[in-house]
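Letter by letter, the chains look like this.
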Amino acid sequence: LGITDDRKLDFAQKAFEAAKPAVRIALDKTLGLALPRLVDISWRLDYIVRGSDEAKACLPIYYVKLFLAKPLTPNTTIDPSSKTNMLDTIDLALSLEQMEDFLHTIRDANHQATRIGRLNTAK
């Protein structure tokens, strides 16, 4: 921000932290930035057996289901008796290579979220 005075910087940081929830809600309303949150993953492994006169192949295929919590906005109403209206699901069918790439992406995202969490708690 180019602020060199520590008092002004501290004031600006505290003001931002206090207003952050309101800013997020306002941005969600105007820009539609409310993103779902990954809450669970289930998976199973199957094999596709292909046979022909010349060769047989046994290919793994991973079926992955992602459970995403719908983003909460000020107008969201939650029925506590039904958890299904709070979750969306995404079904994926992945080859071995795609599954390895998916796992790498999930681990990288988890690492980044952990790093950001540590930075926020250290302040």
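In the block above lies the structure referred to throughout.
Being a predicted model, the structure only gives us computed values, none of them experimental. (Residues numbered from 1 in each chain as written. Predicted model: local features only at pLDDT ≥ 70, side-chain atom pairs only at ≥ 80, totals over all residues. Heavy atoms only, no water.)

(A) Geometry of a nonpolar patch on the surface. On the surface, L38, I41, W43, L45, Y47, V49 and I106 cluster together into a nonpolar patch covering about 670 Å² of accessible area. Ranked by residue count, the leading element in the nonpolar patch is strand β1 (residues 37–51), at 6 residues. Inspection of the secondary structure assignment puts L45 in strand β1. Exposure remark for L45: the relative accessible area of 32% places this residue in the partly exposed category. (Patch = residues over 30% accessible without salt bridge, like charges linked within 9 Å, V, L, I, M, F, W, Y side chains within 5 Å. Areas by Shrake-Rupley, 256 points an atom, 1.4 Å probe, with all protein chains shown as cover. Salt bridge = Lys/Arg side-chain N within 4 Å of Asp/Glu carboxyl O. Helix = DSSP H or I, 4+ residues; strand = E, 2+ residues; numbered from the N terminus. Buried < 20%, exposed > 50% of the residue type's maximum accessible area, 1.4 Å probe, protein only.)

(B) The packing of aromatic side chains, seen in detail. Scanning all chains against the criterion turns up 1 aromatic pair. Aromatic pair W43 and Y62: ring centres 6.3 Å apart, planes at 50°, arrangement tilted. One end of the pair, W43, is in strand β1; the other, Y62, is in strand β2 (residues 56–69), and 19 residues separate them in sequence. (Phe/Tyr/Trp six-rings, centres within 6.5 Å; stacked < 30°, edge-to-face > 60°.)

(C) Focus on the environment of I90. Inspection of the secondary structure puts I90 in strand β3 (residues 87–94). By relative accessible area, I90 is classed as partly exposed at 35%. Expressed as a C-alpha distance, the spacing of I90 and I41, which sit 49 residues apart in the sequence, is 9.7 Å. Once residues lying within four places of it in the same chain are set aside, the contact partners of I90 are V64, K65, L66 and L68. (Contact = heavy atoms within 4.5 Å.)

(D) Expanded view of the environment of L94. Locating L94 in the fold gives a position in strand β3. As for L94 and Y63, which are separated by 31 residues in sequence, their C-alpha atoms are 6.4 Å apart.

(E) Main features of the environment of I41. Inspection of the secondary structure assignment puts I41 in strand β1. In this structure the C-alpha to C-alpha distance between I41 and T89, which are 48 residues apart in sequence, comes to 9.4 Å.

(F) Examining the nonpolar core more closely. Counting residues in hydrophobic clusters, the biggest one holds 6 residues: Y62, V64, L66, L94, M99 and F102. For this core, the secondary structure elements donating two or more residues are β2 and α2 (96–122). No other element matches the 3 residues that β2 contributes to this core. Beyond its immediate chain neighbours, meaning those up to four positions away, L94 contacts P60, I61, Y62, V64, M99 and F102. (Core = buried A, V, L, I, M, F, W, Y, C linked by side-chain atoms within 4.5 Å.)

(G) The pattern of salt bridges, seen in detail. Within this structure, the stated rule accounts for 4 salt bridges. One salt bridge connects E17 with K20, and the closest N-O pair in it is separated by 3.4 Å. Of this pair, E17 and K20 both sit in helix α1 (residues 6–31), separated by 3 residues, roughly a single helical turn. Look at E17 and you get partly exposed, because its relative accessible area is 43%. Notably, a salt bridge pairs R44 with D46, separated by 2.3 Å at the nearest N-O pair.

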